Amino acid sequence: MLPVCFSLIPESPRFYLSKGKDEEALELLKKVAETNGNTMPEEDCHLYEDIDAKVNLLTLFKNPRLIACGLINMFGWFMTSLVYYMLWFSAKYLAGDIYLNAAILGLAELPGRVAAYFLMEKIGRRYTFMTSVGLACVCMFVSIWKNPINVKIMYCIGKALAGSLWAVIYLYSSEMYPTRIRNLGSGIGSAAARVAALIAPFIGDWINVSPYAPYIIVGVLAIICSGVFIFVPETSGKELPQTLEEFDMLFEKKEGGKKDELEQELTSQM
């Protein structure tokens, strides 16, 4: 299947630009426009001057705002993974058949992912994430009361919220970073999620030491995570940042995409 996929999927225009193959990039963009039923005006085409600039891990630490967003983004990935896998690995302590419990928890993710799709368009990526992780915190604290039915309900709600968190963090993380370092930023966030997946089983097993410990630990971390995300910019309705300068502009636009478009139109008329 891989050879077939490689033959059908075109190369990235940015890859062509980074290699100095401007004509190939323009031809590919023309094909994309034709596929979408549009025509690409060649006179409006321009290349970013820094398109071939070298980037590495240190690039993420050249801007104070980028550093702050990177750390918060990593924390978001970490908490998403921690909530998800802690619920999975500690599900063996739930009353009832372990296989039925696993099936129910797996299905519980679907409503959260569907709800996240609509909420991200309605209230934005940031508030959807903050709400989901905040409600996950509530589920953790409510699970302290060891009623079997209560715990199962909280686990199902928690898994739905975890599904919502995964849906949001993948999109939010990719929209937050400038194009040149988007893969680096998302990759570091994903690495933080793998660290959380490694320690989640151990946190779940602390239930043998104290029945409240896992829920309190994850709940407190969830509160902190929900709070710090207020400091990252909203990306819903905004163009993806191409450069660090455009990334800084995300912090200057506090309102949604419609207001930004109106401001741009008024500026062009002045």
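In what follows, the structure referred to is the one given above.
Residues numbered from 1 in each chain as written. Predicted model: local features only at pLDDT ≥ 70, side-chain atom pairs only at ≥ 80, totals over all residues. Heavy atoms only, no water.

Topic: a nonpolar patch on the surface
For the record, the criterion: Residues qualify for a patch when their relative accessible area is over 30% and they have no salt bridge, like charges being joined within 9 Å and the nonpolar side chains of Val, Leu, Ile, Met, Phe, Trp and Tyr within 5 Å. Here, Shrake-Rupley sampling with a 1.4 Å probe gives the accessible areas, and only protein chains in the shown set may cover a residue. By definition, a salt bridge exists where a carboxyl oxygen of Asp or Glu is found within 4 Å of a side-chain nitrogen of Lys or Arg. In this description a helix means any DSSP run of H or I spanning at least four residues, a strand means any run of E spanning at least two, and both kinds are numbered starting from the N terminus. Per-residue accessibility, obtained with a 1.4 Å probe over protein chains only, is compared with the maximum for each type, and a residue is labelled buried under 20%, exposed over 50%, and partly exposed between these values.
Together, L119, I123, Y127, I230 and F231 give the surface a local cluster of nonpolar side chains, amounting to about 460 Å² of exposed area. Mapped onto the fold, F231 is located in the loop between α9 (213–228) and α10 (244–252). On the accessibility criterion, F231 (59% relative accessible area) is exposed.

Focus on the packing of aromatic side chains
Put simply, the rule reads: Paired rings are identified among Phe, Tyr and Trp, the last through its six-membered ring, by centres lying within 6.5 Å, and are further divided according to the angle between planes into stacked (under 30 degrees), edge-to-face (over 60) and tilted (the rest). Throughout this description, the term charge over a ring refers to an Arg CZ or Lys NZ atom that lies within 6 Å of the ring centre and within 35 degrees of the ring normal.
For the structure on display, the rule yields 10 aromatic pairs. Ring geometry for Y84 and Y85: centres 4.9 Å apart, planes at 85 degrees, overall edge-to-face. The class of Y84 is buried, set by a relative accessible area of 13%. Since its relative accessible area comes to 24%, Y85 is described here as partly exposed. With a centroid separation of 5.2 Å and an interplanar angle of 85 degrees, the aromatic rings of Y117 and F118 are classed as edge-to-face. No difference in accessibility class separates Y117 from F118, as the two residues are exposed. An aromatic cluster of three or more residues is present, and its members are W77, Y84, Y85, W88, W166 and Y170. Looking at R126, its charged tip hangs above the ring of Y127, at a distance of 5.0 Å from the centre.

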